[in-house]
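Structural overview
The lines below spell out each chain.
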Amino acid sequence: MRKECDWFAVHTKSFLSDSLSNEELERFLKHASDCEDCKKELSIALMIGPGMEKLEKGEVFHLKNELAAVQEEAGLRLKKRKKLFQTATWMQILSILAIAGAVVCVLIAWRT
Ligand SMILES: [Zn+2]
């Protein structure tokens, strides 16, 4: 688990700036829900990053709510991205099929 914790620590900043790939984001969220130590580390990073910004602006910052919200939002983002990727893959498959169909039609027309 220690190796995963190191990976998590290295990628926390990228998580907060939303610059992880889908695979990385999935791995990050999974570890955040599995490992209490890293969850704590993440909440500290949240507090000194976005938390301080909010407090400086005079906004309310509830660490527990904020952590849950950040994890939930990231989970939704991941779901959306995966769906988009799936749609793009299907579009590619459909266009390949359409091209193949057109080629078959041309070949049939050529023979007759
Ligand atoms: Zn950990």
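Let me begin by describing the structure that accompanies this report.

Quick notes on the rules
- Residues numbered from 1 in each chain as written.
- Predicted model: local features only at pLDDT ≥ 70, side-chain atom pairs only at ≥ 80, totals over all residues.
- Axes fitted to C-alpha atoms, helices over the stretch in contact; angles between N-to-C directions.
- Helix = DSSP H or I, 4+ residues; strand = E, 2+ residues; numbered from the N terminus.
- Parallel < 35°, antiparallel > 145°, perpendicular 65-115°, else oblique.
- Contact = placed C-beta atoms within 7 Å.
- Nonpolar A, V, L, I, M, F, W, Y, C, P; charged D, E, K, R; others polar.
- Core = buried A, V, L, I, M, F, W, Y, C linked by C-beta atoms within 7 Å.
- Buried ≥ 20, exposed ≤ 12 C-beta atoms within 10 Å, placed from the backbone.
- Expected span 1.5 Å × (residues − 1).
- Bend = angle between axes of the 7 residues up to and from the residue.
- Left-handed = near helix turned anticlockwise from the far one by under 90°.

1. Topic: the packing of helix α3 (residues 36-56) against helix α4 (residues 63-111)
- Where α3 contacts α4, the two axes come as close as 10 Å, and the packing angle between them is 100°. Classified by the angle between their axes, α3 and α4 sit roughly perpendicular to one another. Contact residues: Leu-42, Ser-43, Leu-46, Met-47 and Gly-51 in α3; Leu-63, Glu-66, Leu-67 and Val-70 in α4.
- In terms of residue class, the contact of α3 with α4 is built from six nonpolar, two polar and one charged.

2. Description of the environment of Leu-29
- As for its position among the elements, Leu-29 is in helix α2 (residues 22-34).
- Linking Leu-29 and Ala-9, residues 20 residues apart in sequence, is a C-alpha distance of 12 Å.

3. Description of the nonpolar core
- The biggest cluster of nonpolar side chains holds nine residues, and these are Phe-8, Phe-15, Leu-20, Leu-25, Phe-28, Ala-32, Cys-38, Leu-42 and Leu-46.
- Elements represented by at least two residues in this core include exactly α1 (2-16), α2 and α3.
- The contact partners of Leu-46, leaving out residues within four places of it in the chain, are Gly-51, Leu-63, Glu-66, Leu-67 and Val-70.

4. Comments concerning α1
- Its 15 residues place the ends of α1 21 Å apart at the C-alpha level, agreeing with the 21 Å of an ideal helix rising 1.5 Å per residue.
- At Val-10, α1 shows its maximal bend, which comes to roughly 40°.
- Looking one or two residues beyond α1, the residue adopting positive phi is Asp-18, at roughly 55°.

5. Observations regarding the packing of α2 against α4
- Two numbers describe how α2 lies on α4: the axes approach to 10 Å, and their chain directions differ by 145°. For the pair α2 and α4, the crossing hand works out as left-handed. Where α2 approaches α4, its residues Asn-22, Leu-25, Glu-26, Leu-29 and Ala-32 are matched on the opposing element by Gln-71, Ala-74, Gly-75, Leu-78, Arg-81 and Lys-82.
- By residue class, the composition of the contact of α2 with α4 is five nonpolar, three polar and three charged.

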